[in-house]
Amino acid sequence: MTSPGGPAAGRPAAVIAGVGASLPPLVVTNRQVIERGGLDTTAEWIASRTGIHRRRLAAFDVSTGDLATAAARAALDSAALDPAGPRPDLLLLATTTPDRPCPATAPEVAHRLGLGPVPAFDLAAVCSGFLYALTTAAALLRSGTCRAPLVVAAEKYSAIIDPLDRDTAPLFGDAAAAVLLRRGDPTEPGALLETDWGSDGAGSDLITVAGGGTRLPGSGGLRREERYFRMRGRPVYAHAVRRMAASAATVLATTGWHPGDVRAFIGHQANQRILDAVADRLGIAPQHRFGNIREVGNTAGASVPLALADAAARGVCPPGAPTLLTAFGGGLTWASATLLWPDVTVRTAAPQARPHHLDPKEVGTP
Ligand code: UT7
């Protein structure tokens, strides 16, 4: 479904004013993942079938909220907020690995950033999380509900991955990334142009953490398959290619772009073969495809903005270049967006574990 009310409707655009990212320092190679779980696979199999060579894993005491706080701080730093400009007035956190089931992680992140009493909430759309959150935040901005939403995507999948599961343990990594939006013109670098999003709950059993919710409460003593993340790789693969290609084609058509116009294509970093298949279907040339799956693996909801941050830090595109983002994940969910490549200096920050009791000194001043 294409969301209406984009810049074509004569409203101000949501413009990316700052980009930040946070990666835990610990690098774990394919060989180390295999040794840790005693997995019946090889480093070569993982690299050749997925494109993943290593990933970052957060320390035991570092949470999704810690990653989110670091990435959000970095995004604010990147935006180098004009003291006279709008302060972040909404925080949206895309995650399916929240710090706890209740309350949401976002309000604590907003508090640690010193944002004051802004609305803050979590949004769960698995690997489509960032693009769902971006779509939501941009719509709220265009409607006048907020002026400078901070969109954060953060995941600690190492907390829900079964180290003994060959099918999933090699795939995922931990990370966070964030963008600060501001009101602007649809012709300027960083302007979000059109979005497309959708879901298909008929596939809700293909990617799951089955236990811990109301259907299968955690207190009942869960089996291993219910406690940990599980994915049926083959059907997910087929859905991922089909859904991302269709959604991306839709958003390109709405924008009025041909695939040949796209100068930067960034897809959800789940599997290099999926990314190549989507880009091939769309007809996007290899030199316009960017990603960092080799170094960070699949970081779920954080994957698309993390790849965007990586590509922007490397200066792969001139500001204003036509850009296509697309994602697919559990739910099933998918989403795509067109934008003009942002004119930003990307900042990164290492996550800091939150002290057990939140220290007032830890709370930032924006
Ligand atoms: O982030 C959300 C979206 N996620 C995705 O889009 C991921 C989608 N799926 C995939 O990326 C791929 O399906 C995998 C990487 C998970 C698997 O790669 P594949 O080349 O598609 O393998 P497959 O699913 O076709 O399975 C082939 C075989 C299976 O064994 P059988 O059933 O043929 O006996 C798997 O059990 O490969 C097996 N397999 C492995 N073998 C060695 C699965 N993982 C491994 C492994 N090492 N690590």
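Below or above, wherever it landed, is the structure these notes cover.

Parameters and conventions
Residues numbered from 1 in each chain as written. Predicted model: local features only at pLDDT ≥ 70, side-chain atom pairs only at ≥ 80, totals over all residues. Heavy atoms only, no water. Buried < 20%, exposed > 50% of the residue type's maximum accessible area, 1.4 Å probe, protein only. Helix = DSSP H or I, 4+ residues; strand = E, 2+ residues; numbered from the N terminus. Pairing = 2+ DSSP bridges. Contact = heavy atoms within 4.5 Å. Axes fitted to C-alpha atoms, helices over the stretch in contact; angles between N-to-C directions. Phe/Tyr/Trp six-rings, centres within 6.5 Å; stacked < 30°, edge-to-face > 60°.

**Some thoughts on the pairing of strand E13 (residues 333–340)**
Along E13, 8 of the 8 residues are buried, which leaves the element largely enclosed by surrounding structure. Two strands pair when backbone bridges link them, and strand E8 (residues 192–199) and E13 are joined in this way by 7 bridges, in the antiparallel orientation. Counted as the bridge partner of Glu194 is Thr338 from E13. Alignment of strand E12 (residues 322–329) against E13, held across 8 bridges, turns out to be antiparallel. Across the sheet, residue Thr326 finds its bridge partner in E13, namely Ser336. With antiparallel pairing between neighbouring strands as the criterion, E12 and E13 make up a hairpin whose turn holds 3 residues, including Gly331 at a positive phi of roughly 140°.

**A word on the sheet that holds strand E5 (residues 120–123)**
Read from one edge of the open sheet, 6 strands run E5-E4-E6-E7-E1-E14, paired in mixed fashion. The outermost strands of the open sheet, each flanked by one partner alone, are E5 and strand E14 (347–348). Across 4 bridges, strand E4 (residues 90–94) lies against E5 in parallel orientation. Each bridged residue has a counterpart across the sheet, and for Leu92 the counterpart in E5 is Phe121. The strands touched by helix H3 (residues 64–79) are strand E1 (13–22), E4, strand E6 (149–156), strand E7 (174–184) and E14; relative to E1, the strand with the most contacts, the crossing angle is about 125°.

**Things to note about the environment of Pro98**
Inspection of the secondary structure assignment puts Pro98 in the loop between E4 and helix H4 (106–112). Residues Pro98 and Pro319 lie 221 residues apart in sequence; the distance between their C-alpha atoms is 34 Å. Each residue touching Pro98, except ones within four places of it in the same chain, is listed here: Thr105 and Asp122.

**Let's talk about the packing of aromatic side chains**
By the definition in use, this model includes 4 aromatic pairs. A ring pair is formed by Phe172 and Phe229, whose centres lie 5.0 Å apart and whose planes are at 70°; its orientation type is edge-to-face. Note that Phe172 is positioned in the loop between E6 and E7 and Phe229 in strand E10 (residues 229–231), a separation of 57 residues in sequence. Across the pair, Phe229 and Phe172 agree in class, each one buried. Counting every residue linked through ring pairs, the aromatic cluster contains Tyr157, Phe172 and Phe229.

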